[in-house]
Amino acid sequence: SQQGEEDPQALSIQEGENATMNCSYKTSINNLQWYRQNSGRGLVHLILIRSNEREKHSGRLRVTLDTSKKSSSLLITASRAADTASYFCATGEISSGNTGKLIFGQGTTLQVKP
Amino acid sequence: NAGVTQTPKFRVLKTGQSMTLLCAQDMNHEYMYWYRQDPGMGLRLIHYSVGEGTTAKGEVPDGYNVSRLKKQNFLLGLESAAPSQTSVYFCASSYPRQFVQPQHFGDGTRLSIL
């Protein structure tokens, strides 16, 4: 079963605007990760946030995690056409132990118009 | 350094045929995973391995078998292909450490079952 539900399913913005994507999950986790997938390619890791962290930054990316609400958000600031891709959240459940297993959400498709 | 390599990239099978998908990684990763990606479903874990000679079932294992005879290779087999197995298959790997590590993905195998 899918763990994460992402919102919105699709997002279209102009270059230079900010893009925010949200992810909700159901179980207890020890980490949450965000990945990007360009059309026809594999997933690329963007950022990892552990359950004891609330916010993390990487370049133009900002991720927040609220374990009390079981939700996370990914903010991409000053978006570029090259940011056009699908974005997935993935959670590492505590029950998975030391297997590294992740459960992926359904993804948000982001289109950045030049 | 190729990372994660999947072969073949595309394949068309007839119902009932068998085939093997190969995943090779050159990063000395212990953990390897096979996912399938279907439209609107995100990624679902088929099987995974936490080390050479070990395999375990994921979320959707039925109709698939796997083998991890060498640390760098993870094979996914379809014994008798069915149209429901038409999908894009992704392999990923990661390295276990004290803290969770991101997964590295191949570019996928696009499989059509007629």
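Thresholds applied
- Residues numbered from 1 in each chain as written.
- Chains lettered and ligands numbered in written order.
- Predicted model: local features only at pLDDT ≥ 70, side-chain atom pairs only at ≥ 80, totals over all residues.
- Heavy atoms only, no water.
- Phe/Tyr/Trp six-rings, centres within 6.5 Å; stacked < 30°, edge-to-face > 60°.
- Helix = DSSP H or I, 4+ residues; strand = E, 2+ residues; numbered from the N terminus.
- Buried < 20%, exposed > 50% of the residue type's maximum accessible area, 1.4 Å probe, protein only.
- Salt bridge = Lys/Arg side-chain N within 4 Å of Asp/Glu carboxyl O.
- Pairing = 2+ DSSP bridges.
- Axes fitted to C-alpha atoms, helices over the stretch in contact; angles between N-to-C directions.
- Contact = heavy atoms within 4.5 Å.
- Buried area = accessible area lost by both parts, 1.4 Å probe.
- Polar contact = N/O pair within 3.5 Å; in protein donor to acceptor, adjacent residues only side chain to side chain.

1. Quick notes on the packing of aromatic side chains
Right, on to step 1. This model, assessed by the stated rule, comprises eight aromatic pairs over all chains.
Right, on to step 2. Where A:F104 meets B:F105, the ring centres are 6.0 Å apart and the plane angle is 80°; that geometry is what we call edge-to-face. Of this pair, A:F104 sits in strand β10 (residues 103-104) while B:F105 sits in strand β10 (residues 104-105), placing the two residues on different chains. Across the pair, exposure class does not vary: A:F104 and B:F105 are buried alike.
Right, on to step 3. Members of the aromatic cluster, each reached through a chain of ring pairs, are A:Y35, A:F104, B:Y33, B:Y35, B:Y48 and B:F105.

2. Some thoughts on the pattern of salt bridges
Right, on to step 1. Overall, the coordinates contain seven salt bridges over all chains when judged by the stated rule.
Right, on to step 2. The residue A:R60 makes a salt bridge to A:D83 at a minimum N-O spacing of 2.9 Å. With A:R60 in the loop between β6 (55-58) and β7 (61-66) and A:D83 in the loop between β8 (71-76) and β9 (85-93), the pair connects residues that are 23 residues apart, well separated along the chain.
Right, on to step 3. The exposure class assigned to A:D83 is buried, which follows from its relative accessible area of 7%.
Right, on to step 4. Across the salt bridge formed by B:D38 and B:R44, the nearest N and O atoms sit 2.8 Å from each other.
Right, on to step 5. One continuous salt-bridge network, built from bridges that share partners, spans B:R36, B:D38 and B:R44.

3. Digging into the sheet that holds strand β3 (residues 19-25) of chain B
Residues and elements named next belong to chain B.
Right, on to step 1. On the basis of which strands lie adjacent, the open sheet formed by four strands has the order β1-β3-β8-β7 and antiparallel pairing. Two strands in the sheet have a free side with no partner beyond their single neighbour: β1 (4-7) and β7 (64-67). The sheet shows a mean angle of 20° between the axes of neighbouring strands, taken without regard to direction.
Right, on to step 2. In this structure, β3 lies alongside strand β8 (residues 73-78), joined through six bridges in antiparallel fashion. Bridging from a neighbouring strand, A24 pairs with N73 of β8.

4. Regarding the interface of chain A and chain B
Right, on to step 1. Taken residue by residue, the interface counts 22 residues in chain A and 23 residues in chain B.
Right, on to step 2. Summed over both partners, the interface of chain A with chain B buries about 1,900 Å², with 51% contributed by carbon and sulfur atoms.
Right, on to step 3. Interface area lost by chain A to chain B is led by A:L43, A:K101 and A:F104, which between them contribute 22%.
Right, on to step 4. The salt bridge partner of A:R41 is B:D107, with a shortest N-O separation of 3.0 Å.

5. Structural notes on the environment of B:E30
Residue and element names in this part refer to chain B.
Right, on to step 1. Within the element layout of this structure, E30 appears in the loop between β3 and β4 (31-38).
Right, on to step 2. You can call E30 partly exposed: its relative accessible area is 24%.
Right, on to step 3. Here the alpha-carbon distance between E30 and K71, two residues 41 residues apart in the chain, equals 6.8 Å.
Right, on to step 4. Not counting residues up to four positions away in its chain, the partners in contact with E30 are S49, V50, G51, R68, K71, S94, Y95 and P96.
Right, on to step 5. Polar side-chain contacts of E30 include one of 2.9 Å to the side chain of K71.

6. A few points about the sheet that holds β6(A)
Residues and elements named next belong to chain A.
Right, on to step 1. Sheet architecture is open: five strands sit in the order β1-β3-β8-β7-β6, paired in antiparallel fashion. Sheet topology places β1 (5-7) and β6 at the edges, where each strand pairs with a single neighbour. Direction aside, neighbouring strands of the sheet carry axes that sit 15° apart on average.
Right, on to step 2. Examined bridge by bridge, β7 and β8 share six bridges and lie antiparallel to one another. Counted as the bridge partner of R62 is L75 from β8.

7. Points about unusual backbone geometry
Right, on to step 1. Residues A:D7 and A:P8 are joined by a peptide bond in cis, for which omega reads 0°.
Right, on to step 2. By secondary structure assignment, the location of A:P8 is in the loop between β1 and β2 (10-14).
Right, on to step 3. In this structure, B:P8 follows B:T7 across a cis peptide bond, with omega equal to -5°.
Right, on to step 4. You can see B:P8 is positioned in the loop between β1 and β2 (10-13).
Right, on to step 5. Positive phi, normally seen in glycine, also occurs at A:K70, with a value near 50°.
Right, on to step 6. If you trace the backbone, A:K70 turns up in the loop between β7 and β8.

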